[in-house]
Amino acid sequence: MSRVYNFSAGPAVLPEKVLSRAAAEMLEYGTTGQSVMEMSHRSKEYQAIIDETERLLREIMSIPNNYKVLFLQGGASSQFAMVPLNLLNKTGKADFVITGQWAKKAYEEASRFGDCTIVASSKDKTFSYIPQLDKSKFNPTADYFHICQNNTIYGTRFTELPDTGNVPLVADMSSCILSEPVDVSKYGLIYAGAQKNMGPAGLTVVIIREDLIGGARESCPTMFNYQIHAENGSMYNTPPTYGIYILMLVLEWVKEMGGLEAMKIHNEKKAAIIYDFLDNSKLFKPTVMGKDRSLMNVPFVTGNEELDAKFVSEAKKAGFINLKGHRSVGGMRASIYNAMPIEGVQKLVEFMEKFEKENAQ
Ligand SMILES: *Cc1c(COP(=O)(O)O)cnc(C)c1O
């Protein structure tokens, strides 16, 4: 077996320890005589798994007691509709910061259900920065204020949260959840697809303040109503059972690594290695400058499309895969989620140094 260094933006690398454990438990979980995949979600063995997953997530993220944790399906993209269907219930208005394609999709979907306003955008420079926010433009009576906290495609992140006062802050954390500590009490709702930092695709985690539950509009489909899922412990229907189990293993790994403070240091180290190289390279250039740089997704270019393609292809042959940038940015992108080891980033940089020498112009 030879495992590659996988820089995919998602589905993405998972800790090897987690995969080995899942492999070891594939045929029989504990002494149950069955795989987790084969278990009834109503069994007491499975209930113990989902309970432990929630307990670990609450512990690791310090989730306050007045928040519910929901394990759903449909991806972060379903949350673009689920959030407005449940939260747009007083003034029917919401504010959005457009920092990339995902933020734009959240805005467009919510606009089907209410009166949505763009308070700031960084579209003018291909979303290569987080726009300055002017609080006087925020609607103080909005039902929610939406941000995409880490912009997977463009490689930017919010390092400071908007001060939305009493307006609930809703954050898409798909590509940064568990990468560093966050103060959950500053948010009304956090959502994340699991396939970046938490586990396999098919699981979506929602962390929602209790007072925001129960306001879904009459026409809201049952499966899109947070209250239904909250009242049924995420078991209104069959939850993504295996994905939740893998999340449990990932959370155990995060805890072993020292929790989110340690994860942050680990991630900052990795990001520094690659950004330092990019800042000094004569061939590769980072597309994001300054404090808005993501710790998770690092886009870069050579400025020459042919050379970009050559790099991606040679990198692949050398065991560094999924480095092709998103089609809207071009170039390359190295996604360096929690499970990417420091060694992976060091070796990538060594490879880039070598490529730079060989392709000096
Ligand atoms: C990947 C991603 C999404 C889309 O997630 P799906 O689970 O595919 O719907 C949305 N937002 C962000 C920030 C992402 O990184």
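Below is a short write-up of the structure.

Each value, and the rule that gives it
Residues numbered from 1 in each chain as written. Predicted model: local features only at pLDDT ≥ 70, side-chain atom pairs only at ≥ 80, totals over all residues. Heavy atoms only, no water. Near = heavy atom within 4 Å. Polar contact = N/O pair within 3.5 Å; in protein donor to acceptor, adjacent residues only side chain to side chain. Areas by Shrake-Rupley, 256 points an atom, 1.4 Å probe, with all protein chains shown as cover. Helix = DSSP H or I, 4+ residues; strand = E, 2+ residues; numbered from the N terminus. Nonpolar A, V, L, I, M, F, W, Y, C, P; charged D, E, K, R; others polar. Buried < 20%, exposed > 50% of the residue type's maximum accessible area, 1.4 Å probe, protein only. Lys, Arg positive; Asp, Glu negative; His and termini not counted. Salt bridge = Lys/Arg side-chain N within 4 Å of Asp/Glu carboxyl O. Contact = heavy atoms within 4.5 Å. Pairing = 2+ DSSP bridges. Core = buried A, V, L, I, M, F, W, Y, C linked by side-chain atoms within 4.5 Å. Domains from an automatic or database assignment. Axes fitted to C-alpha atoms, helices over the stretch in contact; angles between N-to-C directions. Parallel < 35°, antiparallel > 145°, perpendicular 65-115°, else oblique. Left-handed = near helix turned anticlockwise from the far one by under 90°.

### Remarks on the site of the ligand
(1) Moving on: If you check the shell around the ligand, you find 13 residues, and the closest are S77, T152, D172, Q195 and K196.
(2) Moving on: Between S77 and the ligand, the recorded distance is 2.6 Å, taken from a side-chain N or O atom to an oxygen atom.
(3) Moving on: At 2.9 Å, a side-chain N or O of Q195 approaches an oxygen atom of the ligand.
(4) Moving on: Considering the ligand on its own, with 380 Å² of exposed area, one finds that the protein chains cover 86% of that surface.
(5) Moving on: Broken down by element, the shell around the ligand gets its largest block of residues, 4 residues, from helix α3 (residues 75-87).
(6) Moving on: Classifying every residue of the shell around the ligand by side-chain character gives 4 nonpolar, 7 polar and 2 charged.

### Some thoughts on the side chain of D95
(1) Moving on: Positionally, D95 belongs in strand β3 (residues 93-98).
(2) Moving on: Buried within the structure, D95 lacks any salt-bridge partner; its nearest side chain of opposite charge belongs to K93, at an N-O separation of 9.0 Å.
(3) Moving on: Within the local environment of D95, its side chain forms a polar contact with the backbone nitrogen of N139, the two atoms lying 2.7 Å apart.
(4) Moving on: Once residues lying within four places of it in the same chain are set aside, the contact partners of D95 are T117, V119, K137, F138, N139, A142, Y144, F145 and H146.

### Focus on the pairing of strand β12 (residues 297-301)
(1) Moving on: By the criterion of burial, β12 is predominantly enclosed, with 4 of the 5 residues buried.
(2) Moving on: In this structure, strand β11 (residues 285-286) lies alongside β12, joined through 2 bridges in antiparallel fashion. In the strand pairing of β12, K285 is matched with V301.
(3) Moving on: Bridge analysis of β12 against strand β14 (residues 332-335) gives 4 bridges, and the strand direction is antiparallel. Counterpart to V298 in the pairing with β14 is A334.

### Describing unusual backbone geometry
(1) Moving on: That bond from G10 to P11 is cis: its omega, -10°, falls within 30 degrees of zero.
(2) Moving on: Take P11: it is sitting in the loop between β1 (5-6) and α1 (16-24).
(3) Moving on: Residues other than glycine seldom take positive phi values, yet F127 does so here, at roughly 55°.
(4) Moving on: Positionally, F127 belongs in the loop between β4 (115-121) and β5 (144-148).

### As for the nonpolar core
(1) Moving on: Counting residues in hydrophobic clusters, the biggest one holds 90 residues, and the most contacted among them are Y245, F284 and F311.
(2) Moving on: Among the elements that take part in this core, helix α6 (residues 241-256) stands out by supplying 11 residues, more than any other.
(3) Moving on: Both domain 1 (16-256) and domain 2 (259-358) contribute no fewer than three residues apiece to this core.
(4) Moving on: The residues contacting F284, other than those within four sequence positions of it, are F277, L278, F300, V301, T302, F311, M332, M352, F355 and E356.
(5) Moving on: Listed in part, the 27 residues of the second largest apolar core include A110, Y154, V206 and I213.

### Points about the pattern of salt bridges
(1) Moving on: Applying the stated criterion across every chain yields a total of 21 salt bridges.
(2) Moving on: The residue K255 makes a salt bridge to E59 at a minimum N-O spacing of 3.0 Å. Taken together, the residues K255 in helix α6 and E59 in helix α2 (residues 44-61) connect sequence positions 196 residues apart.
(3) Moving on: A relative accessible area of 39% means that K255 is categorised as partly exposed.
(4) Moving on: Take E59: its relative accessible area is 37%, and that puts it in the partly exposed class.
(5) Moving on: In this structure, K354 and E358 form a salt bridge, with 3.9 Å as the shortest nitrogen-oxygen distance. Of this pair, K354 and E358 both sit in helix α9 (residues 342-358), 4 residues apart, roughly one helical turn.
(6) Moving on: Using a relative accessible area of 52% as the deciding quantity, one classes E358 as exposed.
(7) Moving on: Among the charged side chains, a salt-bridge network with shared partners connects E52, R55, E59 and K255.

### Quick look at the sheet that holds β4
(1) Moving on: Pairing within the open sheet is mixed, and its 7 strands lie in the order β2-β10-β9-β8-β5-β3-β4. Either end of the sheet is taken by a strand with one partner, and the two such strands are β2 (67-72) and β4. On average, each strand axis in the sheet is tilted by 15° relative to the strand beside it, whichever way the strands run.
(2) Moving on: Strands in contact with α3 are β2, β5, β8 (169-172), β9 (189-193) and β10 (204-209); relative to β9, the strand with the most contacts, it is inclined by about 155°.

### Here we look at the packing of helix α8 (residues 305-317) against α9
A pair of packed helices can be characterised by two numbers: the angle between their axes and the separation between those axes.
(1) Moving on: In contact at an axis separation of 11 Å, α8 and α9 are set at 135° when each is read in the N-to-C sense. The orientation of α8 with respect to α9, classified from their angle, is oblique. Of the two elements, α8 crosses α9, and the hand of that crossing is right-handed. Contact residues: α8 offers L307, K310, F311, E314 and A315, while α9 offers L348, F351, M352, F355 and E358.
(2) Moving on: Of the residues in the contact of α8 with α9, the class split is 7 nonpolar, no polar and 3 charged.

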